[in-house]
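Breakdown of the fold
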Protein chains: 2
Amino acid sequence: MEKLGDVLKFFMEPRSVAVVGVSRKSGPDSFNLMENMLRSGFQGEVFPVNPQADMILGVKAYSRIREIHRPVDLAVITLPRDLVVPTIRECGAAGVKAAIVVGQGFADADAAGKRLQMQIAEIARAGGPRVLGPNTLGVVNNFNSFTTSFMPLSRDKAPIGLVCQSGLFFVGADNFTGKIGKGIDIGNACDVGFCECLEYLGRDRGVEVIAVHMEGVRHGRKFLSIAQRVARQKPIVVFKTGESESGARAAASHSGSMAGDFVVCRTALRQAGLLFLHQGDKMGDAVRTLLHQPPLKGDRIAVITATGAGGIAASDALERYGLRLARLRPETLRVLGALSPEWMPLGNPLDTWPSVMTHGIRETYRQTLRAVLADPEVDGVLCISLALDPDEYAFLDASGVLSDEVDPCVKKPVVAWFYGPFTNEITEKFEGIKGLSAYHTVDRAAWALSLLRERARVVE
Amino acid sequence: MEKLGDVLKFFMEPRSVAVVGVSRKSGPDSFNLMENMLRSGFQGEVFPVNPQADMILGVKAYSRIREIHRPVDLAVITLPRDLVVPTIRECGAAGVKAAIVVGQGFADADAAGKRLQMQIAEIARAGGPRVLGPNTLGVVNNFNSFTTSFMPLSRDKAPIGLVCQSGLFFVGADNFTGKIGKGIDIGNACDVGFCECLEYLGRDRGVEVIAVHMEGVRHGRKFLSIAQRVARQKPIVVFKTGESESGARAAASHSGSMAGDFVVCRTALRQAGLLFLHQGDKMGDAVRTLLHQPPLKGDRIAVITATGAGGIAASDALERYGLRLARLRPETLRVLGALSPEWMPLGNPLDTWPSVMTHGIRETYRQTLRAVLADPEVDGVLCISLALDPDEYAFLDASGVLSDEVDPCVKKPVVAWFYGPFTNEITEKFEGIKGLSAYHTVDRAAWALSLLRERARVVE
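Residues numbered from 1 in each chain as written. Chains lettered and ligands numbered in written order. Predicted model: local features only at pLDDT ≥ 70, side-chain atom pairs only at ≥ 80, totals over all residues. Heavy atoms only, no water.

Quick look at the overall build of chain A
Filter applied, for reference: Every helix listed is a DSSP run of H or I at least four residues long, and every strand listed is a run of E at least two residues long, numbered separately from the N terminus. Here's how the labels work: a residue is buried when its accessible area is under 20% of the maximum for its type, exposed when over 50%, partly exposed in between, all with a 1.4 Å probe on protein chains only. Pairs of residues are marked as contacts when any of their non-hydrogen atoms sit within 4.5 Å. Accessibility throughout is a Shrake-Rupley quantity obtained with a 1.4 Å probe, and a residue counts as covered only by protein chains that appear here. The charge count includes Lys and Arg as positive and Asp and Glu as negative, but it does not include His or the ends of the chains. Every charge is mapped to an atom, namely NZ of Lys, CZ of Arg, CG of Asp or CD of Glu.
When you go through chain A residue by residue, the secondary structure sums to 17 helices and 20 strands. The dimensions of chain A, computed from C-alpha atoms along their principal axes, are 85 × 45 × 40 Å. Taken over 460 residues, chain A has a buried fraction of 62%. A separation of at least 24 residues holds for 72% of the contacts in chain A among residues at least 6 apart in sequence. Per element, the accessible surface of chain A, about 17,200 Å² overall, is 50% carbon and sulfur. Distance between charge centroids for chain A: 7 Å, based on 53 positive and 51 negative side chains.

And the structure:
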């Protein structure tokens, strides 16, 4: 049985691509998407279509699509808006399976643009090629080195799938998901939309986490039904814009989306099991967390800290995000007690500094972390330690001990914040370690635990 | 007339320092504060006091303070807690002006520790040396290369003053203020506290912004009166912990502070004109913003953006922080209109992408920024642009144009977010440019404007 997401194969894994309206100019300031496509290492056939050229970038050019006389899976159309509708008709006549309309000036623009977009959608519905866009960078699929973007993108084969309504999240991936394995910019979404993309990425074994940027969604009921099914298999994180009145107005003139009632939308998405973000800048932490950490099965957190003040900030942050300090068992407290001066008050947060000064950071963190991971009163752990120059201050570097002690089989998330001049270096070091992740601030570490708690509620 | 803050001179600019209880061990794992002090380049006299040594780090050692027989401004005491009270008495007898008690185990610990701390405070009140601590790294003053910290610190002569209750904010300055010119860790604050420090930093011409980490404050009325006066001269940003119940409990066993009612405290601090942070991780952005930007005189913001989706996210963020999109004058809109295709809807946010594609980013941003800065309907500007490899994509780099066009005399804040793989590089480039600052996320850029609005209300 054909599935809704099957159409994405023509966009994401085409065997042959026509680039209609491609320029003869090349170089970084030409925005030539075919040049970008070839540079990415795409192995399929590429047919440039431009009536003014015989060859483009060393490839034979065609004056019309119908002159290609070979099967074409995907046409990428970069023409002024008035030429798009006849071109899509021509694609249909030539048996092209799918088309991406890159240009702007449709539902994102004036009344004439809205009419043109409706005509495109009508052709797609009537058996013409399925259409992605208009107003889109198209797709990126780093697993088969394919992209239609005219902007430079990174090429990570990361297990991260992205659906968005703006090239911002392709070009600015570093500020959003961090990496993209497969990305689909649905733009104005006149035909192919969130439903098809979620189904496709849901079935993709190479994708472990799905990130979504949403301005507006149509076919709400169908979308929620698909999203609910997919979210049980893998986490879906949504950044929905248009929360403010002015933002909603701006969305209408960007992708032509109706932002809808924000609170209703958020509630429905959460009920379907999607993880909801208010701020896009948390997407990177969300994706990293969900890739490397198990769900948090309860709200009881142990805090191990080299700084008392950090322990207080952690307590504030945990409570802010609906978690709480675990009541540690006496035998857990005794482990740190045996390492500390007798006047030391013992509790959660576990203040390790007096022990660090005498027994060293490794021994202190090894014993303390082991004890809290073994404590049945603890669901997750937040560690705070130092981020000093690892060459000079190796003896104050707890990061190695954390990696050694964390056991993915224990299924308790361990998040960490390392403070000091080497926060960035140590935080990056933990990318890819199962069961352990580090964050740039204690607030984000606490927030990550709350996200894992929300995830647990979805999969329970 | 002697002022409350005068005592800080003995702590921050001592001519002679006795280090009592200094160890003969050296090297990074010895936590030897005298070694750190000498390495920092301190030019005053240093007298190690240790009855077991003749020389320490190449300096003649004394067995007792009273054997020094030279004027001592400051004694830094690193002794077990039971030896501290007699040592402070001895300091008093020897005419030592000020003492720092580094060790833990006082009000941060058990009943015995609380009694010891009260005795210390009593000696200070009765005319003995003024006391900083206990439970403190002491001070750092990079303007005269002096520190009592046993942990390594950066040595920037930044115009930033810090008062805190934990060494976390010295060692982790990169995660907090970014840099520290002068820092005072008041620790358990048994004698010298926020009042003295604020007055001292308020009078200091080298300090332009004061950052405060607060667990609890005593002498509330006196503090508010001093803070109100200082805040009119220079911005004071406060990160107060203990918002949560568990955080407040943890504060009691960290610095022995009473966190007090958080909401009451926040309201009082705000009324006094202090800028209040809920999360410490915004301190760096706050300090940078206040150093480089004028107050925001109204709430009307123009958004210039290379991405429609970014404009929507900016609109959401501005509204979240109590600001709003300016209604631009028709002549302002016409500037971008003349550069854009005729179908382009014009409004605020100003979507520049179609113009960038044809006229280039520099011309587009130059004309648009000039127009909004000249528009009397605009109080501040938020710019969103690309952060690509500056070598390959110089033609898409708007950062140079922003620096050229921003005129500090115009007194309208301009904040920017650059998205893409080079966000960090471009953001750092703007440190030190008056009237312009860049942020890692659009949310933070909008938040920075709201901070400048709050600052305007204090100085108006």
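Read on for the rest.
Examining the sheet that holds strand 9 (residues 146-147) of chain A
Residues and elements named next belong to chain A. We apply this condition: Strands pair, by our definition, only if DSSP identifies at least two bridges between them. Helix axes are fitted to C-alpha atoms over the stretch in contact, other axes to C-alpha atoms as well, and angles between N-to-C directions run from 0 to 180 degrees.
Sheet architecture is open: 7 strands sit in the order 9-8-11-10-12-13-14, paired in mixed fashion. Edge positions in the sheet fall to strand 9 and strand 14 (275-277), since each of these pairs with one other strand and no more. Pairing between strand 12 (residues 209-214) and strand 13 (residues 236-240): 5 bridges, direction parallel. If you follow H213 over to strand 13, its bridge partner there is F239. Against the sheet, helix 9 (residues 262-271) contacts strand 12, strand 13 and strand 14, and its axis sits at roughly 150° relative to strand 14.

Regarding the packing of helix 11 (residues 308-320) of chain B against helix 17 (residues 442-459) of chain B
All names here are of chain B. The condition that has to hold: Here is the rule for handedness: rotate from the far helix to the near one, and if that takes an anticlockwise turn smaller than a right angle the crossing is left-handed, while a clockwise turn gives right-handed. Note that Gly is not counted as nonpolar here; it falls among the polar residues with everything else outside the nonpolar set of Ala, Val, Leu, Ile, Met, Phe, Trp, Tyr, Cys and Pro and the charged set of Asp, Glu, Lys and Arg.
Running from N to C, helix 11 and helix 17 point in directions that differ by 35°, and their axes come no closer than 9 Å. At the point where helix 11 passes helix 17, the crossing takes the right-handed sense. Only V442, D443, A446 and L449 of helix 17 make contact with helix 11, whose side of the interface consists of A313, A314, A317, L318 and R320. Class assignment for the residues of the contact of helix 11 with helix 17 results in 7 nonpolar, no polar and 2 charged.

Things to note about the nonpolar core
Defined as follows: Put simply, a nonpolar core is a bunch of buried Ala, Val, Leu, Ile, Met, Phe, Trp, Tyr and Cys residues held in one set by side-chain atoms that sit within 4.5 Å of each other.
Ranked by size, the top nonpolar core spans 274 residues in total, and within it A:L382 and B:L382 carry the most contacts. Excluding residues that lie within four positions of it along the chain, B:L382 makes contacts with B:I301, B:A302, B:V303, B:I304, B:A314, B:L318, B:V415, B:V442, B:A445, B:A446 and B:L449.

Digging into the relation of the copies chain B and chain A
This is how the line gets drawn: Alignment of the copies relies on least squares applied to C-alpha atoms, considering only residues that score at least 70 for pLDDT in both.
When chain B is brought onto chain A, the operation consists of a screw motion whose angular component is 180° and whose axial shift is 0.0 Å, with 0.0 Å RMSD remaining. What the superposition gives is, in effect, a two-fold axis relating one chain to the other. Taking the C-alpha atom as reference, chain B places B:N424 closest to the rotation axis, 5.8 Å from it. Looking at the interface residues of chain B, 100% of them are also at the interface in chain A, so both copies use one shared face.

Looking at the packing of aromatic side chains
Keep this limit in mind: Under the pairing criterion, centres of Phe, Tyr and Trp rings, with the six-membered ring standing for Trp, must be within 6.5 Å; the plane angle then separates stacked pairs below 30 degrees from edge-to-face pairs above 60, leaving the rest tilted.
Using the criterion set out here, one finds 28 aromatic pairs over all chains in the structure. With a centroid separation of 6.0 Å and an interplanar angle of 65°, the aromatic rings of A:F194 and A:F223 are classed as edge-to-face. Remark: A:F223 occurs in helix 7 (residues 220-233) and A:F194 occurs in helix 6 (residues 194-203); sequence separation between them is 29 residues. For A:F194, a relative accessible area of 5% corresponds to the buried category. You can call A:F223 buried: its relative accessible area is 2%. Seen from their ring centres, B:F47 and B:Y62 are 5.8 Å apart, and the 85° between their planes marks the pair as edge-to-face. Of the two residues, B:F47 sits in strand 2 (residues 45-49) while B:Y62 sits in the loop between strand 4 (59-60) and strand 5 (74-77), which places them 15 residues apart along the sequence. B:Y62 matches B:F47 in its accessibility class, with the two residues each being buried.

Some remarks on helix 14 (residues 361-374) of chain B
The condition that has to hold: A helix is expected to reach a length of 1.5 Å times the quantity of its residues less one.
For helix 14 of chain B, built from 14 residues, the straight-helix expectation of 20 Å at 1.5 Å per residue is met to within 8% by its first-to-last C-alpha distance of 20 Å. Among the residues of helix 14 of chain B, B:I361, B:T364, B:Y365, B:T368, B:L369, B:A371, B:V372 and B:L373 are the ones counted as buried.

A short note on the sheet that holds strand 1 (residues 16-20) of chain A
Residues and elements named next belong to chain A. Taken together, 5 strands build an open sheet; the order of strands is 2-1-5-6-7 and the sheet is parallel. At either end of the open sheet lies a strand with only one pairing partner, and these are strand 2 (45-49) and strand 7 (130-132). Each adjacent strand pair in this sheet contributes to an overall mean axis angle of 20°, direction not counted. Sitting on the sheet, helix 3 (residues 84-93) touches strand 1, strand 5 (74-77), strand 6 (98-101) and strand 7, and the angle it makes with strand 5 is about 170°.

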